[in-house]
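Secondary and tertiary structure notes
Take a look at the letters that make up each chain.
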Amino acid sequence: MSVSLGELAVRFGCELRGDPDVRVDRVATLAHADSRSLAFIANPRYRQQLATTAAAAVVLDAASAGDCATAALVCQNPHATYARIAAVLYPPPAGPPGVHSSAIIAPGARIDPGAHVGPLCVIGEGAVIGPRVFVGPQCLLEDGATLAEDVRLTARVTVCRGVQIGARTIVQPGAVIGGDGFGFAQERDRWIKVPQTGTVRVGPDVEIGANTTIDRGAIEDTVIEEGVKLDNLIMIAHNVRVGAHSALAAAVGVSGSTSIGRRCMIGGQVGIGGHLTIGDDVVITGCTMVSHSIPRPGVYSGGIPLEEAHVWRRLVARFKRIDSLAIRLKALERHTSRGTDQEEDDE
Amino acid sequence: MSVSLGELAVRFGCELRGDPDVRVDRVATLAHADSRSLAFIANPRYRQQLATTAAAAVVLDAASAGDCATAALVCQNPHATYARIAAVLYPPPAGPPGVHSSAIIAPGARIDPGAHVGPLCVIGEGAVIGPRVFVGPQCLLEDGATLAEDVRLTARVTVCRGVQIGARTIVQPGAVIGGDGFGFAQERDRWIKVPQTGTVRVGPDVEIGANTTIDRGAIEDTVIEEGVKLDNLIMIAHNVRVGAHSALAAAVGVSGSTSIGRRCMIGGQVGIGGHLTIGDDVVITGCTMVSHSIPRPGVYSGGIPLEEAHVWRRLVARFKRIDSLAIRLKALERHTSRGTDQEEDDE
Amino acid sequence: MSVSLGELAVRFGCELRGDPDVRVDRVATLAHADSRSLAFIANPRYRQQLATTAAAAVVLDAASAGDCATAALVCQNPHATYARIAAVLYPPPAGPPGVHSSAIIAPGARIDPGAHVGPLCVIGEGAVIGPRVFVGPQCLLEDGATLAEDVRLTARVTVCRGVQIGARTIVQPGAVIGGDGFGFAQERDRWIKVPQTGTVRVGPDVEIGANTTIDRGAIEDTVIEEGVKLDNLIMIAHNVRVGAHSALAAAVGVSGSTSIGRRCMIGGQVGIGGHLTIGDDVVITGCTMVSHSIPRPGVYSGGIPLEEAHVWRRLVARFKRIDSLAIRLKALERHTSRGTDQEEDDE
């Protein structure tokens, strides 16, 4: 795939500074680009590389344009424009319409003739696969699973019974959508499995990362709203709701029945307790434990940066005696203000 | 599937308050139930919904029965009774007895004629599949893997060589049971792989969540005792033992050779070090780091709830200087009791 | 497989104390060994078991040899020597050379005639499989994926398009190598997917654990250097580099564009932020949050061991007021040294 700068400028609404007939066929970083490559700059700390890049052209904003030694595609949001151009140069692998001969299709499955179903897939009874859907190799759709138009299951994705996936949603390999929620009733010292009778509804334009798991609801559904982006190895428990356009980094865990608002950003390895409500526009930095609801927008944290081990051990030892510190301070305050000889309380 | 209240009362030992001929065919929450739905109440905070629910009947305990505006199935443990009734209304998907024509079965595998082996499964040499076992699509049993009666591998489960799984155990998609333990000998600056010659023994009535991994033992076996419940994305390292009826929430990691007692409850994302012994009846709340053994029953914690980022940064900065705080306090105590002018030690 | 002690001594350069004709055919722990078993001792705390073990022979170092009641294979590094002997006694499962009839092979894939490709694999266009490679059941190699000689994909491994895997590397089930990196451009309140045009390059002698995910690079490649050992459920984000011979325990998360040096050891559940540089020979203990670069070798920590919940709650409450503690201490210092009656500042 090769495209001219003039065509890119017209198609993506950029101001072109340079020769419209120059063609690019790949992307590269500023440092490693060559005369067939398109680069971009969104982070000012790379600006000095603009003077020396060998790229055919650079996608950038007006503020950076003056520093650029080569052709420039000037736009307001270079990262987003770059993303759109890269999608033209690197179209996702497509399969031919139709069902691979090795796939196992239940008689009652409904597969749009324009959809692709790859080798060794299993498509269950009553499953529905919409127009232009790509179902990569070795995927599984259990009975009644539904994929709206242009959904893309890259490979080896498990979509359990009755799960609904919205248009254009992309799922990476190994993800499991609709496994049973972790629901058990305690009876004396044993656990009785509670059938998980809900399902999962995933909105349009969602992305679900590799080996991420989204459990089906206990009675009602687990819901991932439109535009949500989930990284790898995330756990979404039963009856969670993730609001539209929120982005969760890798290894986040969200416990049962918690609701996350719209446009939230959750850092890696954050753990969120059950039955909580996180409002809209909440940002939580990585490795934070969330044990209560967060009604207000803002940035929240809970991780403590590391130290050299011997320093850290000392800090922890002091922390474990912080109670004594507080009590002794109180005693000292009392002693000082009263001017008595009362000894500090070292409990 | 539809069933009368009278039948449910008899079968599950409930006192029925209402018309025994009324039939239900689904479950619902109190808020969303209709005249064909059965609901339940186990948590008193939903009790006010009893007055207005449109459910055909509600499973509840004697204390709540008076508030219920509709028919009631009164029992001691409504959650457990609800679980059993829901299992009647929602029987797990069954497959026809026999082996799907697309499955690849080694000549020496022994498969009970009443078992179901789904499409595109691979069953290795010497594998044993017991009566009424359900092996869902795309599962893998390596050589010598054994499934006792009524085991249920929902789909795409990997059971590695020689792994034994007890009766009625349920495994969710993507779980890997019996991958190699992480064992390496250090030799100069390199790692030499130590063959993992043990296997995994999983007891009866266990549940294993989606994409959870349980590694095979280095020499002896990794053991999951009866009734254990493991949520999604859990890591059980080699030679771990998890005691009967313990429940581990999602993303817990248990390091090698650690033993967890019976009836423990471990919260999400807890990390447990290696070669430790956790006794019976230990409860550990989410996001806790466990670096030493816990001999006594009790509730243990180690996570610090989040704050707004600017507040948190201040707390962390103070914490990093807690040593100085302690030293200065000590100096002040000395100074005050001696009445000298000695300066505080700010180290 | 059975082998004589004499043969082992010669082959692995041990000094044999005992009968060279005694044969062993399995390994065991000192405590559970019998007269056909080989045991080893690397940890002095098991030394007392040397007097009573029923093993045919024990692999040990000169310092332990005197305590051993049975035959001994004396060497400098008993753990490494044991590992090599165990690999002789327990050769990894091999498959016959050739491609299983149920595998789906693209016409342009190049598969060495000595390689094994198991049942229900899918091998994409342009994929290359080298000599003596083992591709276990249900693996997927997307277009252009390359496996060097003696690579071992145990089962159900996903190797995405263009990923290169070095010689002798072993991958456990469920791992996903080369899924899309988590890259999105923000545009108003929405996320635009940034095509991930790089791939993953994995060096020789690497091990990758079950359900671990390694994302492909955004523009350039994600790189795992030779000899790296990755445990289960690890997340390696796009454009990360892990230096040679580093070992990462389970559930570690490494965020995008971070570089980890050589010979590092990273404990379980450690979370490492993005765009950081961790130098060579860095050890990080489990459950640590890494939010800044670590230029110098050393041992680093950041986890706080648990306490009984009621103790922990008190510690946390004090910690949340540590600011007040510091301010009050400062006030007291001022008061004491000045000898005024100024009240403590309780802000």
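Residues numbered from 1 in each chain as written. Chains lettered and ligands numbered in written order. Predicted model: local features only at pLDDT ≥ 70, side-chain atom pairs only at ≥ 80, totals over all residues.

Domain annotation for chain A reports domain 1 (3-89), domain 2 (98-300) and domain 3 (309-338). The gap between the C-alpha centroids of domain 2 of chain A and domain 3 of chain A is 47 Å. (Domains from an automatic or database assignment.)

So, on to the confidence of the model for chain A. Low-confidence regions, as indicated by low pLDDT, have predicted coordinates that should not be scrutinised in detail. A residue-level look at chain A finds 97% of positions with pLDDT of 70 or above and a mean pLDDT of 95. Confidence over residues 339-347 of chain A falls short of pLDDT 50; this stretch has 14 contacts with residues more than four positions distant or in other chains. (pLDDT = per-residue confidence, 0-100. Contact = placed C-beta atoms within 7 Å.)

With the exception of glycine, the majority of residues adopt a negative phi angle, and the majority of peptide bonds are in the trans configuration. All names here are of chain C. Look at Arg132: it is not a glycine, yet its phi comes out positive at around 60 degrees. Note on placement: Arg132 falls in the loop between strand 13 (128-129) and strand 14 (134-135). Its identity as a non-glycine residue notwithstanding, His275 has a phi of 60 degrees, on the positive side. Examined against the element boundaries, His275 turns out to sit in the loop between strand 35 (271-272) and strand 36 (277-278). (Helix = DSSP H or I, 4+ residues; strand = E, 2+ residues; numbered from the N terminus.)

Residues and elements named next belong to chain B. Strand order in the open sheet formed by nine strands is 10-13-16-19-24-27-30-33-36, with parallel pairing between adjacent strands. In the strand order of this sheet, the two ends are held by strand 10 (110-111) and strand 36 (277-278), each with one partner. Summarising the sheet, strand 24 (residues 200-202) and strand 27 (residues 222-224) pair through three bridges and their orientation is parallel. Each residue of the ladder has a partner; that of Val202, found in strand 27, is Ile224. (Pairing = 2+ DSSP bridges.)

Interface size is often expressed as the accessible area that is lost when the parts come together. Each partner contributes to the interface: chain B provides 61 residues, whereas chain A provides 61 residues. Of all elements in the fold, only helix 3 (78-89), strand 40 (307-308), helix 4 (309-320) and helix 5 (322-338) of chain B reach the threshold of two or more residues within the side of chain B that touches chain A. Looking at the side of chain B that touches chain A element by element, the count peaks at eight residues for helix 5 of chain B. Split by residue class, the side of chain B that touches chain A holds 32 nonpolar, 18 polar and eleven charged. Where strand 39 (residues 298-301) of chain A meets strand 40 of chain B, two bridges bridge the pair, whose relative direction is antiparallel. (Nonpolar A, V, L, I, M, F, W, Y, C, P; charged D, E, K, R; others polar.)

Turning to the relation of the copies chain C and chain A, a few remarks are in order. Superposition of chain C onto chain A requires a rotation of 120 degrees combined with a translation of 0.0 Å along the rotation axis, giving an RMSD of 0.0 Å. Taken together, the rotation and translation relating the two chain copies correspond to the operation of a three-fold axis. Of the interface residues in chain C, just 18% have counterparts in chain A that sit at the interface too, so the contact is made through distinct surfaces. (Least-squares fit on C-alpha atoms with pLDDT ≥ 70 in both.)

All names here are of chain A. Across four bridges, strand 22 (residues 184-187) lies against strand 23 (residues 190-193) in antiparallel orientation. From the neighbouring strand, Ala185 faces strand 23, where its bridge partner is Ile192. Hairpin geometry of strand 22 and strand 23 is characterised by an intervening segment of two residues between the two adjacent antiparallel strands and by a positive phi of about 50 degrees at Arg188.

A separate point is helix 3 of chain B. Two residues of an α-helix separated by three or four positions point the same way, owing to the 3.6 residues in each turn. Residue and element names in this part refer to chain B. The first and last C-alpha atoms of helix 3 sit 16 Å apart over twelve residues, in line with the 16 Å expected at 1.5 Å per residue. Most of helix 3 is tucked away, with nine of its twelve residues classed as buried. Listing the buried residues of helix 3 in full gives Pro78, His79, Ala80, Thr81, Tyr82, Ala83, Arg84, Ile85 and Ala86. (Expected span 1.5 Å × (residues − 1). Buried ≥ 20, exposed ≤ 12 C-beta atoms within 10 Å, placed from the backbone.)

Let us now look at the sheet that holds strand 32 (residues 253-254) of chain B. Sheet strands line up and pair through hydrogen bonds in the backbone, either parallel or antiparallel. Taken in spatial order, the ten strands make up an open sheet running 9-12-15-18-21-26-29-32-35-38 (chain B), and their pairing is parallel. Whereas interior strands pair on both sides, the edge strands pair on one side only; in this sheet they are strand 9 (104-105) and strand 38 (289-290) of chain B.

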